[in-house]
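Observations on chain architecture
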Amino acid sequence: MTIYSFWIFDKHCNCIFNREWTLSSDSSSGTTNSKQNSETAKLLYGLIYSLRNITQKLSNTESGNKNDIRTISTGKYRVHTYCTATGLWFVLLTDFFQQSYLQVLQHIYSHIYVKYVSHNLLLPYDLTENQPILMRGQGTRKITNRHFIAALESFLSPIVE
């Protein structure tokens, strides 16, 4: 039950927050907001986006059932995803043995993100709203709210091994 990293992507495919844990024995180790423009963030979002589009095209839309990607598994890792109505993607990269972190991601969104980011009047709703379309994703603002980071750390630290 190990968490390796946590990511938040906005509706413009930008990584607006990430947290990685380097030592499984120390939940305070690792980095925060260090990989917004890295290839890892782009590849992770591209994987989720592509698989989501494939499942939507293959799903039966006549019955009204929505077919969403919630978990992607490999031989050693599992990617847990939660997409909000506003287009935010909450992503956890964990070990293979944990089946579902959907409730954890929903709790992070509804109790932590909404409280400290959405209700923060000093932070714009869209972190790329003042950038030209061609410049989006290059130097995107990130979530640096210390209360959000502290609440996220306190919620996830018992889960990180």
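Residues numbered from 1 in each chain as written. Predicted model: local features only at pLDDT ≥ 70, side-chain atom pairs only at ≥ 80, totals over all residues. Heavy atoms only, no water.

Looking up the chain in an unreviewed UniProt entry gives the name Trafficking protein particle complex subunit, with the organism given as Tetrapisispora phaffii. For the chain, the Subunit (unreviewed entry) comment in UniProt is given as "Part of the multisubunit transport protein particle (TRAPP) complex." (UniProt positions renumbered as here; feature names shortened; annotations may be inferred.)

1. Quick word on the pairing of strand E2 (residues 15-20)
Summarising burial for E2: 6 of the 6 residues are buried, a large majority. Looking at chain direction, strand E1 (residues 3-9) and E2 are connected through 5 bridges and run antiparallel. The partner of Ser5 across the bridge, within E2, is Glu20. Linking E1 to E2, which pair antiparallel, is a turn of 5 residues; within it Cys13 sits at a positive phi near 70°. (Buried < 20%, exposed > 50% of the residue type's maximum accessible area, 1.4 Å probe, protein only. Helix = DSSP H or I, 4+ residues; strand = E, 2+ residues; numbered from the N terminus. Pairing = 2+ DSSP bridges.)

2. Topic: the packing of aromatic side chains
The tally for this structure, following the rule as stated, stands at 13 aromatic pairs. Each ring, one from Tyr45 and one from Tyr49, has its centre 6.0 Å from the other, and the planes form 20°; the classification is stacked. Separated by 4 residues within a single helix, Tyr45 and Tyr49 lie in helix H1 (residues 39-58), roughly one turn from each other. The class of Tyr49 is partly exposed, set by a relative accessible area of 39%. Through a chain of ring-to-ring contacts, the aromatic side chains of Phe6, Phe17, Tyr82, Phe90, Tyr109, Tyr113 and Phe148 assemble into a single cluster. (Phe/Tyr/Trp six-rings, centres within 6.5 Å; stacked < 30°, edge-to-face > 60°.)

3. Details of the nonpolar core
Among the nonpolar cores identified, the biggest contains 27 residues, and Phe6, Ile8, Phe90, Tyr113, Phe148 and Leu156 are the most heavily contacted of them. Of all the elements in the fold, those that place two or more residues in this core are E1, E2, strand E6 (89-95), helix H2 (102-118) and helix H3 (146-156). For this core, the element with the most residues is H2, which contributes 9 residues. In this structure, Leu156 is in contact with Ile3, Phe6, Trp21, Val104 and Ile108, ignoring residues within four places of it in sequence. Membership of the second largest hydrophobic core comes to 12 residues, among which are Ala41, Ile69, Ile72 and Val79. (Core = buried A, V, L, I, M, F, W, Y, C linked by side-chain atoms within 4.5 Å. Contact = heavy atoms within 4.5 Å.)

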